[in-house]
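# A look at the structure
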Amino acid sequence: LKCWKSVWLECWKSLWLECWKSLSMKEWDIPYDELKLFEVIGAGRFGTVYRGSWHGAVAVKLLHVHSLSDHCAQLDTFKHEVATFRKTRHENLVLFMGACMKPPRLAIVTSLCKGMTLYTHIHLRKDKFTANKSVIVAQQISQGMGYLHARGILHKDLKTKNIFLENGKVVITDFGLFSVTKLCFSNNARGDSLGIPPGWLCYLAPELVRALRPHASLHLPFSKCTDVYAFGTVWYELLCGEYPFKGQPPEAIIWQVGKGVKPSLANMQASRDIKDILMLCWSYRSSERPDFPHLLSTLEKLPRKRLARSPSHPVHLSRSADS
Ligand code: ATP
């Protein structure tokens, strides 16, 4: 009788848990018909982003995953990543508002970022970031990333294209969606070739580069340390205004990063402290990379040139690199 009772209790427990899980997911389920889609803001590897409206201005990322509906496991991955997304509330992270979770309409709805991405500032507009401005931006990125990591969430795709600047405030987007978006990447890869999206490689830590295989992007060994490596590349872009290994073919970058060869910093006009941060983030051994709280305190301790505004006023970026 005792045994029967415990089985019965276990059944109830798991049934209750499932109910609770699906109820809490429902809270975030946005019926596709409730969304208004306006113009396309941009298209990435895995989805098209629209300016939209849902109780106000939003950004809607419609995923290009037509085959997803056929695969329960993949839909579960999507739901799992949505569940991760909804746990985030931080001023340096884009606000997740909900998701359309009924295939074939899979979409992520977030607040609409008003500024430009760091990528646009650095690589398209060629805006110059002084060391002071770079430090302010890097501190905010570290704050947002430190929060994500403290909640057990990996970004997996930290890059300047996923970091907005809104009136001097950093807003990080696209976190935690890598697995589901990479599903279509692996579906798209032809034969045994390895599809490398442009600008992706230089964010990959040596352990990721060494694990690159055709169709294996879902199983890459992402970790907090690989996010820190990617942050190092963002730091480099802020300071140098270009990508590391600029102009080199993917094969050369893969070989160098995989072997632990770092881009030369000889021409980088920055203090020793600033270069040290870069070298630490880009450490070959993942265990030697600092974590984000440590990075934040290092950045806070960097000697700064006198800032134009008094410390009692919020520090904004100058017009050249501000949005
Ligand atoms: P990839 O897909 O390779 O990561 P990407 O980051 O450019 O490239 P998306 O994340 O799909 O691709 O974004 C496409 C475009 O939509 C980009 O120009 C991006 O700046 C813009 N975008 C994404 N999210 C938002 C948002 N919340 N608010 C405003 N614009 C956004």
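Residues numbered from 1 in each chain as written. Predicted model: local features only at pLDDT ≥ 70, side-chain atom pairs only at ≥ 80, totals over all residues. Heavy atoms only, no water.

## Description of the overall build of the protein
Put simply, the rule reads: In this description a helix means any DSSP run of H or I spanning at least four residues, a strand means any run of E spanning at least two, and both kinds are numbered starting from the N terminus. Burial classification: accessible surface area is computed with a 1.4 Å probe over protein chains only, and a residue below 20% of its type maximum counts as buried, one above 50% as exposed, and the rest as partly exposed. Should any heavy atoms of two residues lie within 4.5 Å, those residues are considered in contact. Computed with the Shrake-Rupley method and a 1.4 Å probe, the accessible areas treat only the protein chains shown as cover for residues.
Within the protein, the regular secondary structure consists of 10 helices and eight strands. In the protein, which comprises 323 residues, the share counted as buried stands at 48%. A fraction of 65% describes how many contacts in the protein between residues 6 or more apart in sequence connect residues 24 or more apart. Summing over all exposed atoms, the protein offers an accessible surface of approximately 17,200 Å²; the carbon and sulfur share of this is 57%.

## Notes on helix α10 (residues 292-301)
As a reminder, the rule being used: Summarising the geometry, the arc corresponds to the directions from the helix axis toward the C-beta atoms. Polar contacts here mean pairs of N or O atoms no more than 3.5 Å apart (in protein, one a potential hydrogen donor and the other a potential acceptor; neighbouring residues in sequence count only if both atoms are side-chain atoms).
Among all positions in α10, only F292, L295, L296 and L299 are buried. Down the axis of α10, the buried side of the element spans an arc of 100°, and every buried residue falls inside it. Among the exposed residues of α10, those pointing more than 90 degrees away from its buried face are P293 and K301. In this fold, the buried residues of α10 make contact with α4 (131-150), α7 (224-240) and α9 (272-281). For α10, the N-terminal cap is D291; the gap from its side-chain oxygen to the backbone nitrogen of H294 is 3.0 Å.

## Looking at the confidence of the model for the protein
Short version of the rule: Values of pLDDT, the confidence the predictor places in each residue, fall between 0 and 100.
Scored by pLDDT, the protein has a mean of 83; 80% of the residues are at 70 or more. With pLDDT under 50 throughout, residues 183-189 is counted as low confidence; its partners more than four residues away or in other chains account for 14 contacts. Below a pLDDT of 50 lies the segment residues 307-323, which in the model reaches 33 contacts outside its immediate sequence neighbourhood of four places, other chains included. For this predicted complex, the interface score ipTM comes out at 0.94, alongside a pTM of 0.84.

## Quick notes on the pattern of salt bridges
Just so we agree on the cut-off: Whenever a carboxyl oxygen of Asp or Glu lies within 4 Å of a side-chain nitrogen of Lys or Arg, that contact is scored as a salt bridge.
Using the criterion set out here, one finds eight salt bridges in the structure. When the shortest N-O distance is used, the salt bridge between R51 and E39 registers 2.9 Å. A residue pair is termed long-range when its members are at least 10 positions apart, and R51 in strand β2 (residues 47-53) and E39 in strand β1 (residues 36-43) qualify at 12 residues. Here K61 makes a salt bridge to D174, at a shortest N to O gap of 3.1 Å. Of the two residues, K61 sits in strand β3 (residues 57-63) while D174 sits in the loop between β8 (169-172) and α5 (178-188), which places them 113 residues apart along the sequence. Of the two residues, K61 and D174, neither departs from the other in class, the shared state being buried.

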